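# Overview (structure and organization)
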Amino acid sequence: MKARYPLHQYLRAAKIMKQLRAIKTKEEVAVLQTAIDITDNTFRRLLGFIKPGVMEYEIEAEIMHSFLSQRAEDKAYNSIIASGDNARVLHYVFNNQPCNDGDLVLMDFGARYGGYCADLTRTVPVNGKFTKRQKEVYNACLHLHNYAKSLLKPGISIIDYTNKVGDEATKQFVKIGLLSKADVKNENKDELETRPFRKYLYHGISHHLGIDVHDLGTRTEPIQPGMVFTVEPGIYIEEEKMGIRIENNVWITKNGNIDLMKNIPIEADDIERLMKR
Ligand code: GLY
Ligand code: MN
Ligand code: MN
């Protein structure tokens, strides 16, 4: 090409594609919304299916049945169905344990439709009712989820955002008795990995989402309108054999973001009510 058309300029496509791909048009988001709606219907179906003794893989099977019977292309990634202490394993792959009465089950799953990936996480009580402590930790996680969502707007970088969510996580973890004031008094906020809150929240809060579940895009530059991110804080407590994560998908606008999963039940009371029915 260069020999034949010497006056043209030749550039590598990958860098350009990476930038183009990070900004989603409304047509792309409409397709993603279908993937999300299929995932929403699937979650509601699970709320009527989960009960003590059910195997994690039986929940996985329900998910695939629901996705395919709604004409999804496939799952966007391998479903993580992690009951009890398994929920602390971030990319739990076995899905082979019984869901026990009194435990929570963390379910991270999403449909792929028209090439686009949904990425949902919900954590629900196996027997349909949260204990007092489970609800306390759940609500702390939901608070972090909502707080994180409120920060995701043009201008902030994912790195700075992660640190800010960390500040709020620190406060919440003191409040629910995971950290003491002394633990956090002299923390070095410049070293994310050494911050005390990381003991209970040891992964990122958001990633780009699109054609890939972990889509291409920058973490260090200011985010821009049109980008799509997950919001997925978690709280993982080894001492209590418990893990909770709550994950939604949002589309960045000029001044904030639109929660593409706003219809999917998220409040503890709503989950309990739907499981009872
Ligand atoms: N399902 C993988 C993730 O949430 O990042
Ligand atoms: Mn996920
Ligand atoms: Mn995710």
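### Here we look at the coordination of the manganese ion (ligand 2)
The coordination sphere of the manganese ion (ligand 2) contains the protein donors Asp108 (OD), Asp108 (OD), Asp119 (OD) and Glu247 (OE), at a distance range of 2.0 to 2.5 Å. Considering all six donor atoms around the manganese ion (ligand 2), angles at the metal cover 56 to 168° and the coordination shape is irregular. Written as a sequence motif, the donor arrangement for the manganese ion (ligand 2) is D-x10-D-x127-E. Between the manganese ion (ligand 2) and the manganese ion (ligand 3), the interatomic distance is 3.3 Å, and Asp119 donates to each metal, bridging them. In this pair, Asp119 is assigned in the loop between strand E5 (116-117) and strand E6 (120-125) and Glu247 in the loop between strand E9 (242-245) and strand E10 (248-252), connecting sequence segments 128 residues apart. In terms of burial, Asp119 and Glu247 fall into one category: buried.

### A closer look at the pattern of salt bridges
Applying the stated criterion across every chain yields a total of 22 salt bridges. A salt bridge links Glu62 to Arg45; the shortest N-O distance between them is 2.9 Å. In this pair, Glu62 is assigned in helix H3 (residues 56-69) and Arg45 in helix H2 (residues 26-47), connecting sequence segments 17 residues apart. Judged by relative accessible area, which is 36%, Arg45 ranks as partly exposed. Asp167 is paired through a salt bridge with Lys189; the nearest N and O atoms lie 3.4 Å apart. Linking Asp167 in helix H5 (residues 158-175) with Lys189 in the loop between helix H6 (181-185) and strand E7 (228-231), this pair joins segments that are 22 residues apart in sequence. One continuous salt-bridge network, built from bridges that share partners, spans Arg21, Lys24, Asp212 and Asp215.

### Considerations on the site of ligand 1
Within the structure, ligand 1 sits among Tyr77, His91, Asp108, Asp119, His207, His214, Glu232 and Glu247. The side chain of Asp108 places a nitrogen or oxygen atom 3.1 Å from a nitrogen atom of ligand 1. In the environment of ligand 1, an oxygen atom lies 3.1 Å from a nitrogen or oxygen atom belonging to the side chain of Glu232. When the free accessible area of ligand 1 is taken as 200 Å², the share hidden by the protein chains comes to 92%. Classifying every residue of the shell around ligand 1 gives one nonpolar, three polar and four charged.

### Quick notes on the packing of helix H4 (residues 132-151) against H5
Closest axis-to-axis distance for the H4/H5 pair is 10 Å, and the angle between their directions is 155°. As far as their axial angle goes, H5 and H4 are roughly antiparallel. The two elements H4 and H5 cross, and the hand of that crossing is right-handed. Residues Ala140, His143, Leu144, Tyr147, Ala148 and Leu151 of H4 form the contact with H5, whose own contacting residues are Tyr161, Lys164, Val165, Glu168, Ala169, Gln172 and Phe173. Tallied by class, the residues present in the contact of H4 with H5 amount to nine nonpolar, two polar and two charged.

### Thoughts on H4
The end-to-end C-alpha separation of H4 is 29 Å, in line with the 28 Å expected for 20 residues at 1.5 Å each. The set of residues buried in H4 consists of Gln134, Val137, Tyr138, Ala140, Cys141, Leu142, Leu144, His145, Ala148, Lys149 and Leu151.

### Brief notes about the coordination of the manganese ion (ligand 3)
Protein coordination at the manganese ion (ligand 3): the donors are Asp119 (OD), His207 (NE2), Glu232 (OE) and Glu247 (OE), at 2.1 to 2.2 Å from the metal. Here the manganese ion (ligand 3) is ringed by six donor atoms whose angles at the metal span 50 to 156°, and the overall shape comes out irregular.

### Observations concerning the pairing of E6
Counting buried positions along E6 yields six of six residues, so the element is predominantly enclosed. Because side chains alternate across E6, one face comprises the buried residues Leu120, Arg122 and Val124, and the other comprises Thr121, Thr123 and Pro125, equally buried.

### A look at the sheet that holds E10
Pairing within the open sheet is antiparallel, and its three strands lie in the order E7-E10-E11. What marks the edges here is a single partner per strand, and that holds for E7 and strand E11 (257-259). Direction aside, neighbouring strands of the sheet carry axes that sit 35° apart on average. Alignment of E10 against E11, held across three bridges, turns out to be antiparallel. Bridge pairing in E11 places Val250 opposite Asp259.

Quick notes on the rules
Counting of residues starts from 1 at the beginning of each chain's written sequence and follows it residue by residue. Chains and ligands are labelled sequentially in the order written, the chains with letters from A and the ligands with numbers from 1. Thresholds applied to this predicted model are a pLDDT of at least 70 for local features of residues and 80 or more for the giving and counting of side-chain atom pairs; totals over whole chains, interfaces and linings are not thresholded and use all residues. Each side-chain value is worked out from all heavy atoms of the structure, with water and hydrogens disregarded. With water omitted from the atoms examined, metal sites may look incomplete; donors here are N, O and S atoms no farther than 2.8 Å from the metal, or 3.2 Å in the case of Na, K and Ca. For four-coordinate sites, all angles between 85 and 135 degrees define a tetrahedron; for four- and six-coordinate sites, opposite donors beyond 155 degrees with the remaining angles between 65 and 115 define square planar and octahedral shapes respectively, and all other cases count as irregular. For the purposes of this entry, the term helix denotes a DSSP run of H or I that reaches at least four residues, the term strand denotes a run of E that reaches at least two, and both are numbered from the N terminus. We call a residue buried when its accessible area falls under 20% of the maximum for its residue type, exposed when it is over 50%, and partly exposed in between, using a 1.4 Å probe and counting protein chains only. Salt bridge, as used here, is a side-chain nitrogen of Lys or Arg placed within 4 Å of a carboxyl oxygen of Asp or Glu. Residue proximity to a molecule or strand is established when one non-hydrogen atom of the residue lies within 4 Å of it. As used in this structure description, the phrase polar contact means that two N or O atoms lie within 3.5 Å; if the pair is within protein, one of them must be able to donate a hydrogen and the other to accept it, and residues adjacent in sequence are counted only when both atoms belong to side chains. Surface accessibility follows the Shrake-Rupley procedure with a 1.4 Å probe radius. Residue values consider only the protein chains on display as shielding. Nonpolar residues are Ala, Val, Leu, Ile, Met, Phe, Trp, Tyr, Cys and Pro. Charged residues are Asp, Glu, Lys and Arg, and all others, Gly as well, are polar. The angle between two axes is taken between their N-to-C directions and runs from 0 to 180 degrees, where each axis is a line fitted to C-alpha atoms and a helix contributes only its stretch in contact. In this scheme, roughly parallel covers angles under 35 degrees and roughly antiparallel covers those over 145, while 65 to 115 is roughly perpendicular and the rest are oblique. Crossing handedness: left-handed means the near helix sits turned counterclockwise from the far one by under a right angle, and right-handed means the same turn made clockwise. Contacts between residues were defined by any pair of non-hydrogen atoms, one from each residue, lying within 4.5 Å. Any helix carries an expected span of 1.5 Å times its number of residues minus one. Any two strands are treated as partners once DSSP identifies two or more bridges connecting them.

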